[in-house]
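Each chain is listed here by its residues.
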Amino acid sequence: MSPTDKIDNLIKQFKITASPELDRRIDALIEQSAEQPDRPLTIWSKIMKSNITKSAAAAVIVIGVFIFLTQGNGASVAWAEVVEQLNLHEKYKCRQQVVRSEGVQVPTKNIYHWNLSLRRQEGEDGNIQIIDMRNEDAVTLELYPEQKKAIVTKLLGFGPKKDPDIIDMVKRFEQESTERLGTKKQDGKVLQGFHHQPNEHNDFTVWVDPKTKLPVEIELKHIFDGQVRQTIFMDEFEFDFTLPMSAFSTEAPEGYTVETLINDYRPVEPLGISFKDIQKELNHAAFAIETLPWFEKIQTIKHTNPLGSKDLVYMTGIKTNDGNVIVLVQGNYFDMNRMVWIPRQDLVLETPEGIKLYTHPNGSIYAQYFLEAFMKAVPEFGGQIISEERFTRMIVMPEGVVLSLSANNEMSTEQIQALIESLVNIE
Amino acid sequence: MMRFNRGDATALRDIYGLYKDDLVTLASALLHDKTSAEDAVHDVFAKLLDRQKVLKISQSLRQYLMTAVANAARQRYRLGKKTAEVPLDSESIPESQTQSPPESAMLLDEQQQHLSSALSALPYEQREVILLRHFSDLKFKTIASLQDVSLNTVQGRYRYGLDKLRSLLNGELL
């Protein structure tokens, strides 16, 4: 047998079986189609006698078939097509409702996203918030029209920042890990559903209009300890809305009483913090880092939490001789009593001394915020481009104290192990 | 097919039952991803229903469906290439969620896996010619019209593809 014949033979033996899911989808397609255009034909054949009524009925059927064709059976939308469409529309408006299983409920809002750094939120109570993080000093404006009151909050050194929103997360779903949910009818439209669970804490359902290939509804469930603690519903989407840029101004309108608040996110004391200083201020054990041969530079600073809370944290930056920047963070309440979610992450390393290293569910965003804040505060560490390799690991010491480790570039297991073994409890 | 043309949509169920595995196999071998492959087959059947009354098929039904699936797969391949250019921040999604080798979903035996991997290493157009020729039994002339290129180009793609396939399989199967 010639090689070509052998290839022919092999290719002919190829067999991949259609999944039951595809059988179900095709069945649904056929049933949907069988329900629609043919029934009037039976009635026609029985009751229509004259040519005029036949012609009139034919016209009705032509219109009916036209509507059926224009509405279509809805050729299936691939998830990649939804992502492609979303990437074409940066500006969007949606209604966002949050349902919490307990605690304070959040009012429903209409949110206008200009981009990831600028948005306007209109509450159902009439209050408005503008959040502008495009510049080094971020600004928020809160408007209370009933009281004619405005609160301007300046967040010094907080920006420029991109705040990843739910649509940004949705865009990252990969085709292979996004499951189809079939179709549902809503307001006369047939929507196609997709499901994606990137980790055990987040569960997304997205319903898409097959014509526009854009989301019509998004539901995000936040799950902790196996319970849905919060569900965010987004609907009433309007992509490329027409609201003018002036609607995003952080200047208070005329006639409003203005209260100005300042939150300073710039480094409190960029230089000269010692590990002993940390120990005095933390409500649990603090750790010093013994210098390793591959450290080029090490510096500790005290800083407002770059994630946006007003807590203070201690960040130790390490510049390595292979060009990496690593930031270790310690803070009050960085402990297992507070961070109960950590053991549910992937355990990536455990040292003989019992130090455990876990992944972080939003590791790259977390790493970006800490690396950017540190490099801005200590210019000698600056000049690094934030890398796509960046990652975060949570270090759990045997006594339950937690430190976070963010690095700009990949690190070998040996490097990470040496680093966490160099942590010394400050007596 | 006559039942289908007369408006009997359920005839499509019989057509689907008869050819579904062949169509999914072709699309999977072309796209190397079973989810996208099944989407391509679904697209073809959705379009068939849309065009039920006006559809005239002059070739064999199997060949018609194979050609339609090849067209739908090519569209999806091009779309996939475009969206892959969008930078993804994979860190925010745990790696275990994103690392799903397409082969694992296909459940092929070892020999077929070798062939599947070798086929996926070929440029798309060469892979398409080889599969349409050997799996779908289409003539070069039909493939040329499908790819919108000359007969010589198709034969060239076939020859190069076959040579590369032989060297990729490197005596393991041949």
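Bear in mind that the values here come from a model prediction, so they are computed numbers and not experimental data.

A. Structural detail: the sheet that holds strand β14 (residues 295-304) of chain A. All names here are of chain A. If you walk across this open sheet you meet the seven strands as β14-β15-β16-β20-β19-β18-β17, and the pairing is antiparallel. The open sheet terminates on both sides in strands that have one partner only, identified here as β14 and β17 (347-350). Shown here is a sheet whose adjacent strand axes are inclined to one another by a mean of 20°, direction ignored. With seven bridges joining them, strand β15 (residues 312-320) and strand β16 (residues 325-331) adopt antiparallel strand pairing. Paired with Val 313 across the bridge in β16 is Gly 331. Sitting on the sheet, helix α9 (residues 413-421) touches β14, β15, β16, β17, β18 (356-359), β19 (391-396) and β20 (402-407), and the angle it makes with β17 is about 60°.

B. Quick look at unusual backbone geometry. Residue and element names in this part refer to chain A. At Glu 236, a position not held by glycine, the phi torsion is positive, near 50°. Within the fold, Glu 236 resides in strand β11 (residues 227-239). According to the relative accessible area criterion, Glu 236 is partly exposed, its value standing at 41%. Even without being a glycine, Asp 240 presents a positive backbone phi close to 55°. Within the secondary structure, Asp 240 sits in the loop between β11 and β12 (257-264).

C. Seen up close, the packing of aromatic side chains. Going through the model one piece at a time under the given rule, you end up with 16 aromatic pairs over all chains. Taking the centre distance of 5.3 Å and the plane angle of 90° together, the rings of A:Tyr112 and A:Phe241 count as edge-to-face. A residue pair is termed long-range when its members are at least 10 positions apart, and A:Tyr112 in strand β2 (residues 109-115) and A:Phe241 in the loop between β11 and β12 qualify at 129 residues. This pair shows no difference in class: A:Tyr112 is buried, exactly as A:Phe241 is. Joined through ring pairs, the aromatic side chains of A:Trp79, A:Phe173, A:Phe194 and A:Phe204 make up one cluster. Positioned above the aromatic ring of A:Phe241 is the side chain of A:Lys91, whose terminal nitrogen or guanidinium carbon lies 5.3 Å from the ring centre. Of note, B:Arg133 hangs over the ring of B:Phe140, and the distance from its end group to the ring centre comes to 5.1 Å.

D. Representation of the nonpolar core. Counting residues in each nonpolar core, the largest one holds 58 residues, and the members touching the most others are B:Phe45 and B:Leu165. Sort the elements by how many residues they give to this core and helix α2 (residues 11-31) of chain B lands first, with 11 residues. Contacts of B:Leu165, omitting those with residues within four sequence positions, involve A:Ile7, B:Leu115, B:Ala118, B:Leu119, B:Leu122 and B:Ile130. Judged by nonpolar contacts, the second largest core, of 31 residues, contains A:Phe287, A:Leu403, A:Ala407 and A:Ile426.

E. Structural context of the pattern of salt bridges. Enumeration over the complete set of coordinates arrives at 25 salt bridges over all chains. One salt bridge connects A:Lys12 with A:Asp8, and the closest N-O pair in it is separated by 3.0 Å. Taken together, the positions of A:Lys12 and A:Asp8, both in helix α1 (residues 3-13) and four residues apart, correspond to about one turn of that helix. Here A:Asp8 falls in the partly exposed class, since its relative accessible area comes to 22%. In this structure, A:Glu236 engages A:Arg95 in a salt bridge whose closest nitrogen and oxygen atoms are separated by 3.5 Å. In this pair, A:Glu236 is assigned in strand β11 and A:Arg95 in strand β1 (residues 92-100), connecting sequence segments 141 residues apart. If you follow the salt bridges from partner to partner, you end up with A:Arg25, A:Arg180, B:Asp39, B:Asp43 and B:Arg76 in one network.

F. Region of the structure containing the packing of α1(A) against helix α10 (residues 151-169) of chain B. One can describe the packing of α1(A) onto α10(B) by two numbers: an axis separation of 11 Å at closest approach and a directional angle of 85°. Here α10(B) runs roughly perpendicular to α1(A), going by the angle between their axes. Side by side, α1(A) and α10(B) meet where A:Pro3, A:Thr4 and A:Ile7 of the first sit next to B:Tyr158, B:Leu162, B:Leu165 and B:Arg166 of the second. The class makeup of the residues in the contact of α1(A) with α10(B) is five nonpolar, one polar and one charged.

Reading the values: rules and limits
- Residues numbered from 1 in each chain as written.
- Chains lettered and ligands numbered in written order.
- Predicted model: local features only at pLDDT ≥ 70, side-chain atom pairs only at ≥ 80, totals over all residues.
- Heavy atoms only, no water.
- Pairing = 2+ DSSP bridges.
- Helix = DSSP H or I, 4+ residues; strand = E, 2+ residues; numbered from the N terminus.
- Axes fitted to C-alpha atoms, helices over the stretch in contact; angles between N-to-C directions.
- Contact = heavy atoms within 4.5 Å.
- Buried < 20%, exposed > 50% of the residue type's maximum accessible area, 1.4 Å probe, protein only.
- Phe/Tyr/Trp six-rings, centres within 6.5 Å; stacked < 30°, edge-to-face > 60°.
- Lys NZ or Arg CZ within 6 Å of the ring centre and 35° of its normal.
- Core = buried A, V, L, I, M, F, W, Y, C linked by side-chain atoms within 4.5 Å.
- Salt bridge = Lys/Arg side-chain N within 4 Å of Asp/Glu carboxyl O.
- Parallel < 35°, antiparallel > 145°, perpendicular 65-115°, else oblique.
- Nonpolar A, V, L, I, M, F, W, Y, C, P; charged D, E, K, R; others polar.

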